[in-house]
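Analysis of the macromolecular model
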Amino acid sequence: MTFERIAVLGGGAWGTALANCAARAGRSVMLWEHDAGNAEQLKSKRESRFLPGVKIEDRIGVTRDLTEAARAQAILLVVPAQAMRSVCKTLSTAAEPGTPIITCAKGIEHGTRKFMTEIIAEEAPKAVPAILSGPSFASDVARGLPTAVTLAAQDERLAAALAQALASRTFRPYQSSDVRGVEIGGAAKNVLAIASGIVTGRGLGASASAALTTRGFAELVRFGRAYGARTETMMGLSGLGDLILTCSSPQSRNFSFGMNLGKGLAAKDIHGKTGLAEGAFTAPVLLEMAREKAVDMPIAAAIAAVLAGQMSVDQAIESLLARPLRAEE
């Protein structure tokens, strides 16, 4: 099982980075971009306007024709979580049956509360869903800095073959068959990163930041167990690893979004400053799903309340500090 022809759908920062990754691994790569202006810049300047200063590899082709891109042996789907369904509908007729479609988005769909691989299965039933997630900033990966991620598919042999197709000297994918665990880690950590950003933006100190990240991880593990994730996945790159990265750097859009909240900006005024913070869309859905399984997630609940305008940042902080003392778990 080999994959020599790889398509990357989405010419943003992360799509550009993964296209470079696949090219460095020796694959033939076609990068699809919907936006005409960005597609032209990718062709003429060989860089994405979302990742300026980072050249895409010479062997990467660029197209706006989704049917042309879908002729690949494997497809990396690098579009926002809330746009996943519409792109998958088009892919369902364009991709060959049995083609692995690897989602690289971290989120849960509004309304349906579906994970990304569930959307692929619904809209492109002849494809094979997979997911790539883990602690990775686009600029690091695009420049060839050392990075390790998790690639999961229900068939671990397929996951291993896809990981081999993308692996290079500086990009190391670990395979897994715990698809749901990898999805949960990627979605939940975005919400917790907003909380961590608030701590930094409010100037609450490194001790508070460490406590927030640790207790947030406890919430992630509880949620994961309730929805069938393996504990070892939560402890791995796509769980703890991604949480540590996202909760510690302004390079994270979710962390930056939280920092701006902590500094007093309103949520509606921040998106244009930081770009899309997927955690802002995931928070209310995550909380609904947690309540359905009676999972205690006080940090996620506080963030959802702040984003809904039901609580101020200071009230959220006070509510967390006023919780009854209990044993650590």
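One can find the structure itself at the top, above this paragraph.
Below or above, wherever it landed, is the structure these notes cover. Being a predicted model, the structure only gives us computed values, none of them experimental.

A few words on the overall build of the chain. Along the chain, the regular secondary structure elements total 16 helices and 8 strands. For 329 residues, the compact-globule estimate of 2.2 N^0.38 gives 20 Å, and the chain sits close to it at 19 Å. Looking at the chain residue by residue over its 329 residues, the buried ones come to 56%. Considering only residue pairs separated by 6 or more positions, the chain has 69% of its internal contacts joining residues 24 or more positions apart. Accessible area for the chain stands at about 13,900 Å²; split by element, carbon and sulfur atoms hold 52% of it. Charged side chains of the chain number 36 positive and 31 negative; the gap between the two group centres comes to 2 Å.

With that out of the way, let us pick up the nonpolar core. Counting residues in each nonpolar core, the largest one holds 43 residues, and the members touching the most others are F223 and L286. Elements represented by at least two residues in this core include exactly α8 (179-201), α9 (206-226), α12 (253-262), α14 (278-292), α15 (298-307) and α16 (313-321). With 10 residues, α8 is the largest single contributor of residues to this core. In this structure, F223 is in contact with I184, L286, M289, A290, V295 and M297, ignoring residues within four places of it in sequence.

A separate point is the pattern of salt bridges. Applying the stated rule across the entire model yields 16 salt bridges. Members of the salt-bridge network, linked through shared partners, are R85, E109, K114, E122 and E123.

With that settled, consider the pairing of strand β2 (residues 28-32). Judged from the 5 bridges that link them, strand β1 (residues 5-9) and β2 form a sheet pairing that is parallel. Paired with V8 across the strands is L31, a residue of β2. The β-α-β motif built from β1, the intervening helix α1 (residues 13-24) and the parallel element β2 has right-handed crossover chirality. In this sheet, strand β3 (residues 60-63) lies alongside β2 in parallel orientation, the contact comprising 4 bridges. Bridging across to β3, L31 finds its partner in V62. As a crossover connection, the stretch from β2 through helix α2 (residues 36-44) into β3 is right-handed.

Considering the arrangement of structural elements, one finds S209 in helix α9. Assessed through its relative accessible area of 17%, S209 is described here as buried. Beyond its immediate chain neighbours, meaning those up to four positions away, S209 contacts S196 and V199.

α12 packs onto α8 with a crossing angle of 40 degrees between their chain directions and a minimal axis gap of 6 Å. With respect to α12, the element α8 is oriented oblique. When you trace α8 past α12, the crossing you get is right-handed. Contacts between α8 and α12 involve N190, A193, I194, S196, G197, I198, T200 and G201 from the former and N254, F255, F257, G258, M259, L261 and G262 from the latter. Classifying every residue of the contact of α8 with α12 by side-chain character gives 7 nonpolar, 8 polar and no charged.

Before going further, it helps to spend a moment on α15. Counting buried residues in α15 gives 8 out of 10 residues, a clear majority hidden from the surface. Every buried residue of α15 is accounted for by P298, I299, A300, A302, I303, A304, A305 and V306. Summarising the contacts, the buried residues of α15 are in contact with α8, α9, α12, α14 and α16. The positive-phi residue at the C-terminal boundary of α15 is G309, with phi of around 75 degrees.

The next thing to look at is the sheet that holds strand β7 (residues 147-152). The strand order across the open sheet built from 8 strands is β3-β2-β1-β4-β5-β6-β7-β8, with neighbouring strands paired in mixed fashion. The outermost strands of the open sheet, each flanked by one partner alone, are β3 and β8 (171-176). Across the sheet, the mean angle separating the axes of adjacent strands is 25 degrees when strand polarity is ignored. One ladder, built from 4 bridges, connects strand β5 (residues 100-103) with strand β6 (residues 128-133); its direction is parallel. Bridging across to β6, T103 finds its partner in I131. The sheet contacts of helix α7 (residues 156-166) involve β4 (74-77), β5, β6, β7 and β8, and relative to β8 the element is tilted by about 175 degrees.

Reading the values: the criteria
Residues numbered from 1 in each chain as written. Predicted model: local features only at pLDDT ≥ 70, side-chain atom pairs only at ≥ 80, totals over all residues. Heavy atoms only, no water. Helix = DSSP H or I, 4+ residues; strand = E, 2+ residues; numbered from the N terminus. Rg over C-alpha atoms; globule rule 2.2 N^0.38 Å. Buried < 20%, exposed > 50% of the residue type's maximum accessible area, 1.4 Å probe, protein only. Contact = heavy atoms within 4.5 Å. Areas by Shrake-Rupley, 256 points an atom, 1.4 Å probe, with all protein chains shown as cover. Lys, Arg positive; Asp, Glu negative; His and termini not counted. Charge placed at Lys NZ, Arg CZ, Asp CG, Glu CD. Core = buried A, V, L, I, M, F, W, Y, C linked by side-chain atoms within 4.5 Å. Salt bridge = Lys/Arg side-chain N within 4 Å of Asp/Glu carboxyl O. Pairing = 2+ DSSP bridges. Right-handed = clockwise from strand over helix to strand, strands pointing away. Axes fitted to C-alpha atoms, helices over the stretch in contact; angles between N-to-C directions. Parallel < 35°, antiparallel > 145°, perpendicular 65-115°, else oblique. Left-handed = near helix turned anticlockwise from the far one by under 90°. Nonpolar A, V, L, I, M, F, W, Y, C, P; charged D, E, K, R; others polar.

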